[in-house]
Amino acid sequence: DAGVTQSPTHLIKTRGQQVTLRCSPKSGHDTVSWYQQALGQGPQFIFQYYEEEERQRGNFPDRFSGHQFPNYSSELNVNALLLGDSALYLCASGWAVNTEAFFGQGTRLTVV
Amino acid sequence: SQQGEEDPQALSIQEGENATMNCSYKTSINNLQWYRQNSGRGLVHLILIRSNEREKHSGRLRVTLDTSKKSSSLLITASRAADTASYFCALAYTGANSKLTFGKGITLSVRP
């Protein structure tokens, strides 16, 4: 049984560009959350998707948007990239009624 | 801030010794979780303790929760070099569903 998978593993983008990150949840999970982790910091909650809708959102600007598909996979989109968006982006899946989260290996985004 | 505060920030011990890490918080929680992260990659869930529980065990891990003091401790017994990692305390608040609020983490080094 595959765990949470994220793609790509690494990504380099230029300031002002747009990026899409992808996540496939662990089999049986229906909730996907995205986190941003800057170097030396703990993960910060971006948003959570359940039943294809954004259920919760952290303190991130509208440049960060997402989507969940009928098969529960999810995308994170970031527009107008800033140098400060450089971070490890983590996807976590779980069950709607359970708060235990299973994390993917992350996507390392570098904005130059 | 609603994030937990971990203590110490860094810990270096000899293989075979016990490692104790602490997490304090300010607002009542639904549950508290500990995660491990190796080399800036994905987080691995270690243990979850609910607000009505005082102690839980999982292998070499022991977690305690004191809701009156709003604090938790993670004890790793008989540490191994492979335990070298960053450890994070994550808080789940009542009514916040699956959202997790992470602290800044503790860097544990276990010397062979």
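Note: the structure precedes this text.
A few points on the structure. Just so you know, these numbers come straight off a predicted model, no measurement behind them.

## Points about the sheet that holds strand E8 (residues 74–78) of chain A
All names here are of chain A. Reading across the sheet, the 4 strands line up as E1-E3-E8-E7 and stay open at both edges, with antiparallel pairing between neighbours. Edge positions in the sheet fall to strand E1 (5–7) and strand E7 (64–68), since each has one partner strand and no second. Neighbour-to-neighbour, the strand axes of the sheet open up by a mean angle of 20°, direction not taken into account. Two elements, E7 and E8, share 5 bridges in a ladder whose sense is antiparallel. Following the sheet pairing, Phe64 is matched in E8 by Val78.

## Considerations on the environment of A:Trp34
All names here are of chain A. For Trp34, the location among the structural elements is in strand E4 (residues 31–37). Judged by its relative accessible area of 0%, Trp34 falls in the buried class. Taking the C-alpha atoms as reference points, Trp34 and Arg63, separated by 29 residues in sequence, lie 14 Å from one another. Looking at Trp34, its side chain comes within polar contact range of the side chain of Ser74, at 2.9 Å.

## Things to note about the state of the cysteines
Under the criterion given, the structure shown has 2 disulfides over all chains. Disulfide pairing is shown between A:Cys23 and A:Cys91; the S-S distance is 1.8 Å. When the S-S torsion is -60°, as for the bridge of A:Cys23 with A:Cys91, the disulfide is left-handed. On the criterion of sequence distance, the pair formed by A:Cys23 in strand E3 (residues 19–24) and A:Cys91 in strand E9 (residues 87–94) is long-range, its members being 68 residues apart. Taking the relative accessible area as the measure of exposure, A:Cys91 reaches 0% and is therefore buried. Put simply, B:Cys23 and B:Cys89 are joined by a disulfide, and their sulfur atoms are 2.0 Å apart.

## Re the nonpolar core
All names here are of chain B. Counting residues in each nonpolar core, the largest one holds 25 residues, and the members touching the most others are Met21, Leu32, Trp34, Leu74, Ile76, Tyr87 and Leu108. When residues of this core are traced back to their parent elements, those giving at least two are strand E2 (10–14), strand E3 (19–24), strand E4 (31–37), strand E5 (43–50), strand E7 (61–66), strand E8 (71–76), strand E9 (85–92) and strand E11 (106–111). By residue number, the principal contributor to this core is E9, which donates 4 residues. Residues within four places of Ile76 in sequence aside, it is in contact with Glu17, Asn18, Ala19, Met21, Arg60, Leu61, Asp83, Tyr87 and Leu108.

## As for the interface of chain A and chain B
A common way to report how large an interface is uses the accessible area buried once the components associate. The interface is formed by 26 residues belonging to chain A together with 21 residues belonging to chain B. A buried area of about 1,800 Å², summed over both sides, lies between chain A and chain B, and 46% of it is on carbon and sulfur atoms. For the pair chain A and chain B, the number of links is 0 salt bridges. If you look at where chain A meets chain B, you find 5 residue pairs in polar contact (both at pLDDT 80 or more).

## Details of the sheet that holds strand E6 (residues 55–58) of chain B
Residues and elements named next belong to chain B. A sheet is described by the order of its strands in space; here 5 strands give the open sequence E1-E3-E8-E7-E6, paired in antiparallel fashion. Looking at strand neighbours, the two that pair on one side only are strand E1 (5–7) and E6, the edges of this open sheet. Neighbour to neighbour, the strand axes of the sheet diverge by 15° on average, direction disregarded. Note: E7 against E8, 6 bridges, orientation antiparallel. Along E8, the bridge assignment pairs Val63 with Leu74.

## Side note on the side chain of B:Glu6
All names here are of chain B. When you line up the elements, Glu6 lands in strand E1. One buried charged side chain, Glu6, makes no salt bridge at all; its nearest oppositely charged neighbour is Lys104, positioned 8.7 Å away. Here the side chain of Glu6 touches Cys89 through a polar contact of 2.7 Å, landing on its backbone nitrogen. Within the local environment of Glu6, its side chain forms a polar contact with the backbone nitrogen of Lys104, the two atoms lying 2.9 Å apart.

## Focus on the packing of aromatic side chains
When we look at a pair of aromatic rings, we describe it by the centre distance and by the angle of the planes. Enumeration over the complete set of coordinates arrives at 10 aromatic pairs over all chains. Both rings, one in A:Trp95 and one in A:Phe102, keep their centres 6.1 Å apart while their planes meet at 90°; by these two values the pair is edge-to-face. By relative accessible area, which is 26% here, A:Phe102 ends up partly exposed. Each ring, one from B:Tyr35 and one from B:Phe102, has its centre 5.6 Å from the other, and the planes form 55°; the classification is tilted. Of this pair, B:Tyr35 sits in strand E4 while B:Phe102 sits in strand E10 (residues 101–102), and the two are 67 residues apart along the sequence. Neither residue differs from the other here; B:Tyr35 and B:Phe102 are each classed as buried. Sitting over the face of the ring of A:Phe102, A:Lys26 holds its NZ or CZ atom 5.6 Å from the ring centroid.

The rules behind the values
- Think of each chain on its own: its residues are numbered from 1, step by step along the sequence as written.
- Starting at A for chains and at 1 for ligands, labels are handed out in the order in which the entities are written.
- Reporting in this predicted model follows two pLDDT cut-offs: at least 70 for local features of residues, and 80 or more for side-chain atom pairs to be given and counted; totals over whole chains, interfaces and linings ignore these cut-offs and use all residues.
- Only hydrogens and water are set aside when side-chain values are computed; all heavy atoms of the structure are taken into account.
- Strands were regarded as paired on the criterion that DSSP finds at least two bridges between them.
- In DSSP terms, a helix is any run of H or I states spanning at least four residues, a strand is any run of E spanning at least two, and both are numbered starting from the N terminus.
- Working convention: axes come from line fits to C-alpha atoms, limited for helices to the stretch in contact. Angles between N-to-C directions cover 0 to 180 degrees.
- Think of it in three bands: residues with accessible area under 20% of the maximum for their type are buried, residues over 50% are exposed, and the middle band is partly exposed, with areas taken using a 1.4 Å probe on protein chains only.
- Polar contact is the term for a pair of N or O atoms within 3.5 Å; when the atoms are in protein, one must be able to donate a hydrogen and the other to accept it, and sequence-neighboring residues count only if both atoms are side-chain atoms.
- Any two cysteine sulfur atoms lying within 2.5 Å of each other are counted as a disulfide.
- The term nonpolar core refers to a set of buried residues drawn from Ala, Val, Leu, Ile, Met, Phe, Trp, Tyr and Cys, joined through side-chain atoms within 4.5 Å.
- Contacts are assigned to residue pairs that have any heavy atoms within 4.5 Å of one another.
- Two parts placed together each lose some accessible area; with a 1.4 Å probe, that loss summed over both constitutes the buried area.
- Every case where a carboxyl oxygen of Asp or Glu lies within 4 Å of a side-chain nitrogen of Lys or Arg is listed as a salt bridge.
- Two residue types count as positive, namely Lys and Arg, and two as negative, namely Asp and Glu; His and chain ends fall outside the count.
- Ring geometry is summarised as follows: Phe, Tyr and Trp rings, the Trp one being its six-membered ring, pair when their centres sit within 6.5 Å, and such pairs are stacked at plane angles under 30 degrees, edge-to-face over 60 and tilted between the two.
- Only when the NZ of Lys or the CZ of Arg is both within 6 Å of the ring centre and within 35 degrees of the ring normal is a charge said to sit over the ring.

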